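# Commentary on secondary and tertiary structure
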Amino acid sequence: MGYFTKFGDFQFDVLREIGNIGAGHAATALSKLTQKEIDMKVPQVSIIPFDEVADCVGGAEAVVVTVFLRVEGDCPGNMFFILDLDSARHLLQQITGIDKDVYEWEELEVSALHEIGNILTGSYLSSLADFTQLNLQPSVPALAVDMAGAILSYGLIALGQAGDFALTIDTAFFEGNEKVKGNFFLIPDPESLPILFRSLGVPFDGDH
């Protein structure tokens, strides 16, 4: 089981609180972008093996929109923000006023979505940095529209080494009756997990 035996209720409570704060910041950022009130569903936080990440977004062959970046600093790792096509299309329509099928997107739509992803991933990462007091620096995010399995494989090759598990923050944002569902995946490098928990004063397996 590896890492998964090391998580107790207290650790999950800490991770859930980080997820709540990050999602709240992301909802505020979306409200400013859309100039509309954005409500947030309480995020579901879980720890899964890395090879199950694609299953969380519809399977390896599901076409998704992904913003991914490398986290450098005290707790290095990789971050992915993954949207299904309907959610990405709705976000674009709310912000740009343009409603196009994903395969009709041009530079304007891609640029807008890239900026949205940049803002949302930044919201989560800054929340994590504030909460832990760790130095966390994001690389310039990249955007891809492809099958989930291909994006994850390519992203990890491009970003560098990967850990063997992912912290998932599954949340939804609401504007009226419209829902935007997004999945954040933080994949710490193997040595980063103890650093993350110890920064919070949370015991980790192997600590005495």
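Reference entry: report on the structure contained in this document. (Residues numbered from 1 in each chain as written. Predicted model: local features only at pLDDT ≥ 70, side-chain atom pairs only at ≥ 80, totals over all residues. Heavy atoms only, no water.)

## Some remarks on the pairing of strand 8 (residues 178-188)
Counting buried positions along strand 8 gives eight out of eleven residues, so the element sits mostly inside the fold. The sheet contact formed by strand 7 (residues 165-175) and strand 8 spans nine bridges and is antiparallel. Counted as the bridge partner of aspartate 170 is asparagine 183 from strand 8. Linking two consecutive strands that pair antiparallel, namely strand 7 and strand 8, is a turn of two residues; a positive phi of about 65° is found at glycine 176 within it. (Buried < 20%, exposed > 50% of the residue type's maximum accessible area, 1.4 Å probe, protein only. Helix = DSSP H or I, 4+ residues; strand = E, 2+ residues; numbered from the N terminus. Pairing = 2+ DSSP bridges.)

## Details of the environment of phenylalanine 68
Inspection of the secondary structure puts phenylalanine 68 in strand 3 (residues 63-73). Its relative accessible area of 4% is what places phenylalanine 68 among the buried residues. When the C-alpha atoms of phenylalanine 68 and glycine 117 are compared, they prove to be 8.5 Å apart, with 49 residues separating the residues in sequence.

## Brief notes about the nonpolar core
Counting 43 residues, the largest nonpolar core has Leu83, Leu113 and Leu136 as the members making the most contacts within it. In this structure, leucine 136 is in contact with Val71, Glu72, Cys75, Leu125, Leu128 and Ala129, ignoring residues within four places of it in sequence. In terms of nonpolar packing, the next biggest core, distinct from the first, is built from 15 residues, Ile48, Val53, Val57 and Val64 among them. (Core = buried A, V, L, I, M, F, W, Y, C linked by side-chain atoms within 4.5 Å. Contact = heavy atoms within 4.5 Å.)

## Considerations on the packing of aromatic side chains
Evaluated as defined, the whole model comprises three aromatic pairs. Taking the centre distance of 4.4 Å and the plane angle of 25° together, the rings of phenylalanine 81 and phenylalanine 184 count as stacked. Taken together, the residues span a long stretch of sequence, with phenylalanine 81 in strand 4 (residues 77-84) and phenylalanine 184 in strand 8 at a distance of 103 residues. Across this residue pair, the class does not change: phenylalanine 81 and phenylalanine 184 are buried. Chaining the aromatic ring pairs together yields one cluster made of Phe81, Tyr124 and Phe184. (Phe/Tyr/Trp six-rings, centres within 6.5 Å; stacked < 30°, edge-to-face > 60°.)

## Quick look at the environment of isoleucine 119
In this structure, isoleucine 119 sits in helix 3 (residues 107-132). Given the relative accessible area of 25%, isoleucine 119 is considered partly exposed. Beyond its immediate sequence surroundings of up to four residues, isoleucine 119 is in contact with Ala29 and Leu33.

## So, the packing of helix 1 (residues 9-34) against helix 3
Where helix 1 meets helix 3, the closest approach of the two axes is 8 Å, and the angle between their N-to-C directions is 140°. The two elements helix 1 and helix 3 meet at a crossing, and its hand is right-handed. Mapping the contact onto sequence places Val14, Glu17, Ile18, Gly19, Ile21, Gly22, Ala23, His25, Ala26, Ala29, Leu30 and Leu33 in helix 1 and Ile116, Ile119, Leu120, Ser123, Tyr124, Ser127, Leu128 and Phe131 in helix 3. Counted by class, the contact of helix 1 with helix 3 contains 14 nonpolar, five polar and one charged residues. (Axes fitted to C-alpha atoms, helices over the stretch in contact; angles between N-to-C directions. Left-handed = near helix turned anticlockwise from the far one by under 90°. Nonpolar A, V, L, I, M, F, W, Y, C, P; charged D, E, K, R; others polar.)

## Some points on the side chain of serine 87
Along the chain, the position of serine 87 falls in helix 2 (residues 85-96). A relative accessible area of 4% places serine 87 in the buried class. Serine 87 has contacts with Lys179, Val180 and Lys181, leaving out every residue within four places of it along the chain.

Geometric values such as these leave the question of function open.
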